[in-house]
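Structure at a glance
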Amino acid sequence: MGPAVRIVEVGPRDGLQNIRDTIPTSIKLELIQRLQKTGLQAIELTSVVSPKAIPQLADCRQVLRNPDIKRLLDSSQLRLPVLVPNAKGLEIAIQHGVREIAVFISSTEGFSKANINCTVAQGIERATQVASLAIRSQIAVRGYVSCIFADPYDGPTPLPAVLRCVKALLDAGCYEVSLGDTLGVGSPSNVRELINYLTSNGIPPEKLAGHFHDTYGQAVANAWEAFNSGIRVFDSSVAGLGGCPFAPGAKGNVASEDLVYMFHNAGISTGIDLPKLVETGVWISKQLLKNNSSRAGTALATKLQLAAPSTQSKPRAPGLKWDLCNETQGLQIYRSGVNLKIVLNRPKNGNTLTATMISDLTSLISNASSDPLTSRIVITANGKFFCTGMDLGKGSTAVGEGGSSSDAQFTGLTRLFEAIDQCPKVTIAAVNGPAFGGGVGLAFSCDIRTFTQGANVTLSEVKLGLCAATISKYVIRELGVAFAREVMLSARAVTPGELKGLGIISEIASDQENLRVRVDELLIRLKAASPNASRMSKELVRLAWAHGGGDAQAAGIKGLFKEMMRSDADGAYGVKEFQAKRKVDWDAYVLGPKPKL
């Protein structure tokens, strides 16, 4: 007889995939080996996904073809699932001798579109196709359903939506379905209600597994409630590794050490050597330079006299100190030296653009454009959305009215986007969440864009009988004619991975906190760029876009060349410092007294 509870260790895949810094393949391989030696019988190895979508798992083929992993794959005693998103991923998994895969769907539309760029129905169809192909190849299939309690975009998840997905995966041939509380918002009462609902609708509890996140500290309690409701399989991650990019600040998966400690303390066997598991959690925390998120693991590590996990951070550029200097209706304005940050602050309304916000934004950008003590402008937002476009609420929109109201809105939006586009300062869009319509215009009229993983852009106007009129100039310029046409006509969500592949965004942050860090790091790096040289560089790009190959471009280039060669220009100072082998901090140059040349 096997253990009373089966733990499925997801650390090597789910636990590592959202970590920003590249983890050497050798560490991943050693982690898997160490986990196997603890007695774990089920370890999720990796995911065969596009490296653009999840850069951390770009080495999935290296992991699978490693001789030690191949020996584990040949073992009939182990379950070593590999997550695959599509038929191509399945083909690669088969080539590497994988004997079990996992397929995944979201129970909610918002997360499905943000995470895998399809509707729930399309996700079910895709997972069913992959499962069918796998079963034909005598490969076992495990299923995942995410957002069982809530969706970051749609709110609470209806019980029938979860039932629909669980039934679909079981009908497709999955031997079990893991129920994922992706945001970690559930509590024991939610767990009991959901499992009772599923079992009363014909879903056997032995076909289910629990996958709980610890965002609100409920993961262990939820697992215990699930056990008392008949569940005997639980996903967890050593040292509590993991997290959700759509839940900023969220904790990771429930820690394997915490689950094993709880079950062992209740006299329930797992077949796992807890001290060895604790040692593995301490080891991986040290390798990643992260705090160990397992409470039981940390306590037992001290008791077993294991070295405490390091809390040392990797060296990185210091963050910036931002001071709130003004707040208007819908906007917050921060300053850090020569950097200005404008934050859209209507999170409950999706940061829609009101007439007042449009006017205030335009004034802020225009004033900053002529301010010699401002070099860069960041536009970002609070909440889960970046900007959902124009405010279309009753009494707030000119749609359908025509006449002067329509003219006023057209003029306001046009002036806003032109103010950003023509601003001589470096403009940066820090896109913290999904953007629609005018929000896409805000991002695309900026010079540089950094997105979070969940920050899709959607030109949804055609769904409402509208078109992307005022923003089209910037959308088409950035996306290119053919791609812009397709996304405007289809009104589909465009993922950060697609935008990164096209060179439209510079970086993809794992979550909103990581976005803040990355933008600060970018601003610090830009200290090496002269503000006037940046302005002239922007003008060169504008000339090429508007007058490529024409007389206006030639005249503009000549004028800029003359300007940069003047004795009082930034170039004179920059070259002098270069000759003296000194680096220039252009922020200090802007804020301090100008040196004599």
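Let us look at the structure shown here. Keep in mind that what you see is a predicted model, and the values were worked out from it rather than measured. (Residues numbered from 1 in each chain as written. Predicted model: local features only at pLDDT ≥ 70, side-chain atom pairs only at ≥ 80, totals over all residues. Heavy atoms only, no water.)

Regarding the pattern of salt bridges
- On inspection of all chains with the given rule, the structure shows 27 salt bridges.
- Asp 235 serves as the salt-bridge partner of Arg 142, at 2.7 Å between the closest nitrogen and oxygen. With a gap of 93 residues between them, Arg 142 in strand S5 (residues 140–146) and Asp 235 in strand S10 (residues 233–236) connect regions that are remote in the sequence. Like Arg 142, the residue Asp 235 is buried in the burial classification.
- Arg 516 serves as the salt-bridge partner of Asp 520, at 3.4 Å between the closest nitrogen and oxygen. Of this pair, Asp 520 and Arg 516 both sit in helix H20 (residues 512–525), separated by 4 residues, roughly a single helical turn.
- Arg 516 gets classed as partly exposed once you look at its relative accessible area, which sits at 36%.
- Linked through salt bridges whose partners overlap, the residues forming this network are Arg 6, Arg 142, Glu 176 and Asp 235. (Salt bridge = Lys/Arg side-chain N within 4 Å of Asp/Glu carboxyl O. Helix = DSSP H or I, 4+ residues; strand = E, 2+ residues; numbered from the N terminus. Buried < 20%, exposed > 50% of the residue type's maximum accessible area, 1.4 Å probe, protein only.)

Topic: the packing of aromatic side chains
- Here the structure, examined in full by the defined rule, presents 10 aromatic pairs.
- Their ring planes at 80 degrees and their centres at 5.8 Å tell us that Tyr 573 and Trp 586 sit as a pair that is edge-to-face. Residue Tyr 573 is found in helix H23 (residues 570–579), and its partner Trp 586 is found in helix H24 (residues 586–591); the two are separated by 13 residues along the sequence. We note that Tyr 573, like Trp 586, is buried.
- Ring plane angle 75 degrees and centroid distance 4.9 Å describe the contact between Trp 586 and Tyr 589, whose orientation is recorded as edge-to-face. With Trp 586 and Tyr 589 both in helix H24 and 3 residues apart, the pair spans about one turn of that helix.
- The ring of Tyr 144 carries the charged tip of Arg 142 above its face, separated from the ring centre by 5.5 Å. (Phe/Tyr/Trp six-rings, centres within 6.5 Å; stacked < 30°, edge-to-face > 60°. Lys NZ or Arg CZ within 6 Å of the ring centre and 35° of its normal.)

A few points about empty space enclosed by the protein
- Enumeration over the complete set of coordinates arrives at 4 cavities of 30 Å³ or more.
- Empty space within the largest cavity amounts to approximately 60 Å³.
- In terms of lining, the largest cavity is formed by Val 84, Pro 85, Val 103, Phe 104, Ile 116, Gly 123, Arg 126, Ala 127 and Val 130.
- Contributions of two or more residues to the lining of the largest cavity are made by strand S4 (100–106) and helix H7 (120–136).
- Among the elements that take part in the lining of the largest cavity, H7 stands out by supplying 4 residues, more than any other. (1 Å grid on protein atoms, 1.4 Å probe; cavity = no way out; pocket = protein on both sides within 12 Å on 5 of 7 lines; lining within 4 Å. Points joined across faces, edges and corners; volume = space filled by probe spheres on them.)

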